[in-house]
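The lines below spell out each chain.
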Amino acid sequence: MSYEEFIKAIERDAAKEREKVLNDARIEADKIIKDTEAELKRLKDERINELKVYSEKDRILTIIRAEREARMFLLSAREEILSELFIKAERKIFELKKGGKYSDILKRLLRETVDKGREEMDTDELMVYISEDDLHLLRDTAVSQGIEIKTGKEVAEGVIVASRDDRFKLINTLKSRMERAKMDLLPLLNQMLFEDKV
């Protein structure tokens, strides 16, 4: 084999080897591209699923917030309705003072409070406080016999009975009775006005 043939044989072998290396490189590059595309698709699908989950969680949180706000609004509206109802009821009750029945109501409040005061305070020595406007309605009546009655600035539409040492007080005014009635009436009114309305 001559030198030239030897070089040509090396060049052919080198060309074959180069072609083989290039083919292997193309195959490897195609494999890398396919693997990369598959990995990108997997990552894309994974990210889309994550976004779907996040989006669903966000949607649920938005619904929960909206439901909570709606409940708050509903409770506020109910509270406003009940408040308005009680304001009207208070006005009606305080209008009693203008009518002729107020004197009888006041005497009944006094009798109840004095009886309860004697029982709870275990004494007959009680002081009764009443508004100056109402004093004439109880002076020299059968129900006020033997009871010391004084005017008190904090008393309106009713009576306050206190022990002589002023340690114990019983408040029996139209306003205090209305407040106690509110507590009893609220559940009933809520049920009557709002149950099954949502």
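Residues numbered from 1 in each chain as written. Predicted model: local features only at pLDDT ≥ 70, side-chain atom pairs only at ≥ 80, totals over all residues. Heavy atoms only, no water.

**Overview of the overall build of the protein chain**
Looking only at helices and strands, the protein chain has four helices and four strands in total. Tracing the protein chain from N to C terminus, the helices and strands come up as α-α-β-α-β-β-β-α. On C-alpha atoms alone, the protein chain measures out to a radius of gyration of 46 Å, which is more than a quarter above the 16 Å that the 2.2 N^0.38 rule sets for 198 residues. Counting the 198 residues in the protein chain, one finds 24% classified as buried. Taking as baseline every contact in the protein chain between residues at least 6 positions apart, the subset at least 24 positions apart corresponds to 64%. Of the roughly 15300 Å² of accessible surface on the protein chain, 55% is carried by carbon and sulfur atoms. (Helix = DSSP H or I, 4+ residues; strand = E, 2+ residues; numbered from the N terminus. Rg over C-alpha atoms; globule rule 2.2 N^0.38 Å. Buried < 20%, exposed > 50% of the residue type's maximum accessible area, 1.4 Å probe, protein only. Contact = heavy atoms within 4.5 Å. Areas by Shrake-Rupley, 256 points an atom, 1.4 Å probe, with all protein chains shown as cover.)

**Here we look at the pattern of salt bridges**
Under the definition given, this model contains 10 salt bridges. The shortest N-O distance in the salt bridge between Asp-24 and Lys-20 comes to 3.7 Å. You can see Asp-24 and its partner Lys-20 sitting in helix 1 (residues 3-95), four residues apart, about one turn around the helix. Exposure remark for Asp-24: the relative accessible area of 40% places this residue in the partly exposed category. The salt bridge partner of Glu-50 is Arg-47, with a shortest N-O separation of 3.3 Å. With Glu-50 and Arg-47 both in helix 1 and three residues apart, the pair spans about one turn of that helix. Its relative accessible area of 41% is what places Glu-50 among the partly exposed residues. What you see here is one network of salt bridges that share partners, running through Glu-39, Arg-42 and Glu-46. (Salt bridge = Lys/Arg side-chain N within 4 Å of Asp/Glu carboxyl O.)

**Overview of a nonpolar patch on the surface**
Taken together, the side chains of Ile-81, Leu-85, Leu-185, Leu-188, Met-192 and Leu-193 make up a nonpolar region of the molecular surface, amounting to roughly 500 Å² of accessible area. Elements supplying a minimum of two residues to the nonpolar patch: helix 1 and helix 4 (174-194). No other element matches the four residues that helix 4 contributes to the nonpolar patch. On the secondary structure map, Met-192 appears in helix 4. (Patch = residues over 30% accessible without salt bridge, like charges linked within 9 Å, V, L, I, M, F, W, Y side chains within 5 Å.)

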